Amino acid sequence: MIVIRNARVLRSSGVEQSTVVIEGDTVLAVGDEPPANGARVVDAGGAWLGPGLVDLHVHFREPGQTWKEDMESGGRAAAAGGFTAALAMPNTEPPIDGGERAKAAMERSQAIGMLDLRVAGCLTRGRAGTEMADFDAMYEAGVRVFSDDGDAVPEAGLLRRIMAYLIDLPGAVVAEHPEDRSLAGNGHLHQGSVAARHGIESLPALAEDVIVARDLEIARVTGVSLHVQHVSTSNAVELIRRARERGVPVTAEVTPHHLALDESALEGLDPNLKMYPPLRGADDRAALVEALRGGLIDAVATDHAPHTVAEKAVPFEEAPRGVIGLETAAAVASAALGHDQALFYDRLSAAPSRIAGLDRQGIAVEPGSPANLMLFDPGARWIPKSFASKSENSAFTGVELTGKVMATIYEGRISYEGGLG
Amino acid sequence: MSGLLTLRGMSRESLEALLDSAQDLVSGSLPEGGIHGGATVTTVFFEPSTRTRLSFEKAAHHLGAHVMSFGVGPSSTAKGESFKDTILTLAAMGTDVFVIRHWLADAAELAATWSERPVVNAGVGRREHPTQTLIDALTMRQRFGRLDGLRMAIVGDVSNSRVARGHLAALPTLGVEMTLVGPTPFLLDSDTWGVRTVTDLDAELGDIDVVYLLRIQRERGSSADIPSNQGYARRYGMNQERLSMLKPTSVVMHPGPINRGLEIDDVSADGDRSMILEQVANGVPVRMAVLSRALEGPR
């Protein structure tokens, strides 16, 4: 039994100062209850208690690139970040494009037991962008979200055939990495003033916008749910807004780094700030924050993309794309949301849980709720220096953040408690 | 002991001091710091270059330095050695000053950080080619007796040009009034750069002192941005007719190598308004001045 006292608890009716009692994998009671003998008692000191966070976008690099991350280190990083569930992208080696591989990956994480890890399945066989992946076998294995993350489906005709097929699989979601290859070219950072000054080949916002526009139309015509991954441009936000007004079934995610940073951070060409989509202009960043607050962008997702110190210690144009994000996401997102508890748990837990179709996540703290919870001190200041992840390619190393994960509880067991003073 | 990574942010006084010491060398005096016998200058060229490299090596010889020469051809980069390991290896062999040409924008800075040696940027990425900028500034100053108030039009594929970006980083500080000329896909954003951009070359010709032509860089994708080289030559190529539209005192410059018949015709390249060979001749003294500055002080 775990008893958490003196917490600001996110209940279905709103936030309430209370005590939460956890027994087994379930919330037993909310309110003042005398602890049973032998119970673990935690004084939250007024910190937030709510459902564990859900990340719609992580790369755990297993199988194939386990020197960067694996299910175990990824699980630890997730727990340290307050996450009790995550969706791993299928661009592993080999890619997860069939039922057996999907099942194996989820079982491996389950055995480690740090979080509820689901995998997204590929949209195309071998992530090659030419023919449909084996949707039925993956669906049977429990896969609900499909993505060729790292690439968009290159041809509109193929995407239309994919969506026309997926309409028959209830709950199936097409998650697209919006990047038109012919427009993105060999770009390394946003096509803006920083890239221009350095004369480095750049990625125009247009590369994202044309794919978002195309995909929204195909979703409108087919009726299949589209999830737009890591939205980064103000124009893409506007396209999504208009589509939603027309009833297109679309959801969207934004990363913490796109909420907090813009291209001006790249003046020194730090390879740890190189990712796709790139950090955009100040206007884009402002539009993303506004869209997340207003709910037009549903969820925060980290796009946790580990690369080793050695892989990143190279010239900017040769560095791999990606930053880690699990362990700093809560703080960075909470700041972007103005440290508003209800908004925080919606955008980082309830909404992503709904999109991924998870049944034991994102649920307000009530008697009978699953004991997937996280405790967060929104006022704590700290400076990230080292990480549970195998990699250190964070955009926030050495940067003071406000808001710290105190503890994480996954299915009734404490999976992280490093923040409990 | 200071290399030359960038001209951006340098004061007018520092830029003029570099030009003055190069001018002294042209006039025949020895460099301020004297001869640097026993020093080693290592040229590391990750892109093909003939003139820049030879002129740096000749400058080093004039200063009494040894030259080590590393190029992509016979090197071990073909065996997979990283840029970083190449730099560390060459530093350990006794390099005192590096001269670096690379397609990567941050190569010179990184080499300086890794090796803790002075690094002279011999052209990186599309970002900057500082010694070319100094050469051109010196050539213009010799011809006009001043830089302040000179009107210069850079014509061509500015967006793919390290030379143009380098010029924009320093020539305005020296008082040169710059205009970029070319088809829109070749130009830079005029707000970002604080520079005038125009697409009509002929309307500019009567007004400028220096027509600075850039090479169509097939290897950097210039040709993909325009439908045909012939069409470009008609709109922007320097030829007899355009020469006649210039003021009597105006000159034609080009950083080389030139594509004859494309951005420049024979009359413009070889006539008495052409400063192309003067530019080349100034290469050695400018690079001597820069290397001498880098070799000064304790090693």
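A quick note: this is a predicted structure, and the numbers were derived from the prediction, not measured.

Q: Explain the overall build of chain B here, please?
A: Along the backbone of chain B there are 12 helices and 9 strands. Computed over its C-alpha atoms, the radius of gyration of chain B comes to 19 Å, within 12% of the 19 Å expected for a compact globule of 299 residues. Seen through its C-alpha atoms, chain B measures out along the principal axes to roughly 55 × 45 × 35 Å. Relative to its full complement of 299 residues, chain B shows a buried share of 49%. Summarising the internal contacts of chain B: among those between residues at least 6 apart in sequence, 76% fall at separations of at least 24.

Q: Quick question: what am I supposed to make of the confidence of the model for chain B here?
A: When pLDDT is low, close inspection of the predicted coordinates is not appropriate. With 92% of its residues at a pLDDT of 70 or more, chain B has an overall mean of 91. For this predicted complex, the interface score ipTM comes out at 0.75, while the overall pTM is 0.87.

Q: It is not clear to me how the domain arrangement of chain B should be interpreted in this structure. Could you clarify?
A: Residues and elements named next belong to chain B. The domains assigned to chain B are domain 1 (12-129 + 281-295) and domain 2 (130-279). Its C-alpha centre places domain 1 at a distance of 26 Å from the equivalent point of domain 2. Across the boundary between the two partners, domain 1 contributes 22 residues, which contact 24 residues of domain 2. Among the secondary structure elements, those contributing two or more residues to the side of domain 1 that touches domain 2 are α1 (12-26), β4 (119-124) and α12 (276-295). Split into classes, the residues belonging to the side of domain 1 that touches domain 2 amount to 9 nonpolar, 7 polar and 6 charged.

Q: I tried to follow the sheet that holds strand β8 (residues 210-213) of chain B on my own but got confused; where do I start?
A: Each strand in a sheet pairs with its neighbour through backbone hydrogen bonds, running either in the same direction (parallel) or in the opposite one (antiparallel). Residue and element names in this part refer to chain B. Ordered by their spatial adjacency, 5 strands build an open sheet running β7-β6-β5-β8-β9, and the pairing between neighbours is parallel. Of all the strands in the sheet, just β7 (196-198) and β9 (251-253) have a single pairing partner and so form its edges. Taking the axes of each pair of neighbouring strands and ignoring which way they run, one obtains an average angle of 25 degrees across the sheet. In this sheet, β8 lies alongside strand β5 (residues 151-155) in parallel orientation, the contact comprising 4 bridges. The residue of β8 that forms the bridge with Val155 is Leu213.

Q: Sorry, what's going on with unusual backbone geometry here?
A: Peptide bonds are mostly trans, and most non-glycine residues show a negative phi. With an omega dihedral of 0 degrees, the bond running from Glu93 of chain A to Pro94 of chain A counts as a cis peptide bond. Assignment of secondary structure puts Pro94 of chain A in the loop between β7 (83-88) and α2 (99-112). Residue Pro257 of chain B follows Gly256 of chain B across a cis peptide bond; omega there is -10 degrees. Examined against the element boundaries, Pro257 of chain B turns out to sit in the loop between β9 and α11 (266-270).

Q: Just checking my understanding: could you explain the pairing of strand β13 (residues 225-228) of chain A for this structure?
A: Note on strand geometry: in a regular strand, side chains alternate between the two faces of the sheet. All names here are of chain A. Covered by surrounding structure in β13 are Ser225 and His227 together with Leu226 and Val228, the residues of both alternating faces. The pairing of strand β10 (residues 173-176) with β13 spans 4 bridges and is classified as parallel. Note that in β13 the partner of Glu176 across the bridge is Val228. Judged from the 3 bridges that link them, β13 and strand β14 (residues 250-254) form a sheet pairing that is parallel.

Q: Which parts of the structure should I look at to understand the packing of helix α5 (residues 130-144) of chain B against α12 of chain B?
A: The relative placement of two packed helices is expressed as an angle between their axes plus a distance between the axes. All names here are of chain B. Their axes nearest at 8 Å, the elements α5 and α12 cross at an angle of 120 degrees. By the angle class used here, α5 and α12 are oblique. Pair α5 / α12 crosses with right-handed handedness. Note on element contacts: α12 touches α5 through Glu278, Gln279, Asn282, Gly283, Val286, Arg287 and Val290, opposite Thr131, Leu134, Ile135, Asp136, Leu138 and Thr139.

Q: What's the story with the sheet that holds β13 of chain A in this structure? I'm lost.
A: Residue and element names in this part refer to chain A. A sheet is described by the order of its strands in space; here 5 strands give the open sequence β9-β10-β13-β14-β15, paired in parallel fashion. Each of the sheet's edge strands pairs with one partner strand only, and the pair in question is β9 (145-146) and β15 (299-300). Contacts between helix α7 (residues 205-222) and the sheet are confined to β10, β13 and β14, with β13 contributing the most and set at about 165 degrees to the helix.

Q: Before we go on, may I ask you to explain the pairing of strand β3 (residues 26-30) of chain A in this structure?
A: All names here are of chain A. Note that strand β2 (residues 14-23) and β3 share 4 bridges and pair antiparallel. Paired with Val21 across the bridge in β3 is Ala29. Linkage of β2 to β3, two consecutive antiparallel strands, is achieved through a turn of 2 residues, within which Gly24 is found at a positive phi near 60 degrees.

Q: So what exactly am I meant to see when it comes to helix α10 (residues 282-294) of chain A here?
A: The α-helix advances 3.6 residues per turn, and as a result positions three or four apart in sequence lie on the same side. Residues and elements named next belong to chain A. The end-to-end C-alpha distance of α10, which contains 13 residues, comes to 19 Å, matching closely the 18 Å that a straight helix rising 1.5 Å per residue would cover. Those residues of α10 that fall on the buried side of the exposure criterion are Asp284, Arg285, Ala287, Leu288, Ala291 and Leu292. Angularly, the buried residues of α10 cover 165 degrees about the axis, an arc narrow enough to put them on a single face. Turned more than 90 degrees off the buried face of α10, the exposed positions are Ala282, Asp283 and Gly294. Summarising the contacts, the buried residues of α10 are in contact with α8 (234-245), β14, α9 (256-260), β15, α12 (329-336) and α13 (341-356). Backbone geometry just downstream of α10 places Gly295 in the positive-phi region, at approximately 95 degrees.

Q: Is there a simple way to think about helix α4 (residues 107-115) of chain B in this case?
A: Residue and element names in this part refer to chain B. For α4, the tally of buried residues reaches 7 of 9 residues, placing the bulk of the element in the interior. Buried residues belonging to α4 abut α3 (83-92), β3 (97-102) and β4. Looking one or two residues past α4, Glu116 carries a phi angle of roughly 55 degrees, positive in sign.

How each quantity is defined
- Residues numbered from 1 in each chain as written.
- Chains lettered and ligands numbered in written order.
- Predicted model: local features only at pLDDT ≥ 70, side-chain atom pairs only at ≥ 80, totals over all residues.
- Helix = DSSP H or I, 4+ residues; strand = E, 2+ residues; numbered from the N terminus.
- Rg over C-alpha atoms; globule rule 2.2 N^0.38 Å.
- Buried ≥ 20, exposed ≤ 12 C-beta atoms within 10 Å, placed from the backbone.
- Contact = placed C-beta atoms within 7 Å.
- pLDDT = per-residue confidence, 0-100.
- Domains from an automatic or database assignment.
- Nonpolar A, V, L, I, M, F, W, Y, C, P; charged D, E, K, R; others polar.
- Pairing = 2+ DSSP bridges.
- Axes fitted to C-alpha atoms, helices over the stretch in contact; angles between N-to-C directions.
- Parallel < 35°, antiparallel > 145°, perpendicular 65-115°, else oblique.
- Left-handed = near helix turned anticlockwise from the far one by under 90°.
- Expected span 1.5 Å × (residues − 1).
- Arc of directions from axis to C-beta.

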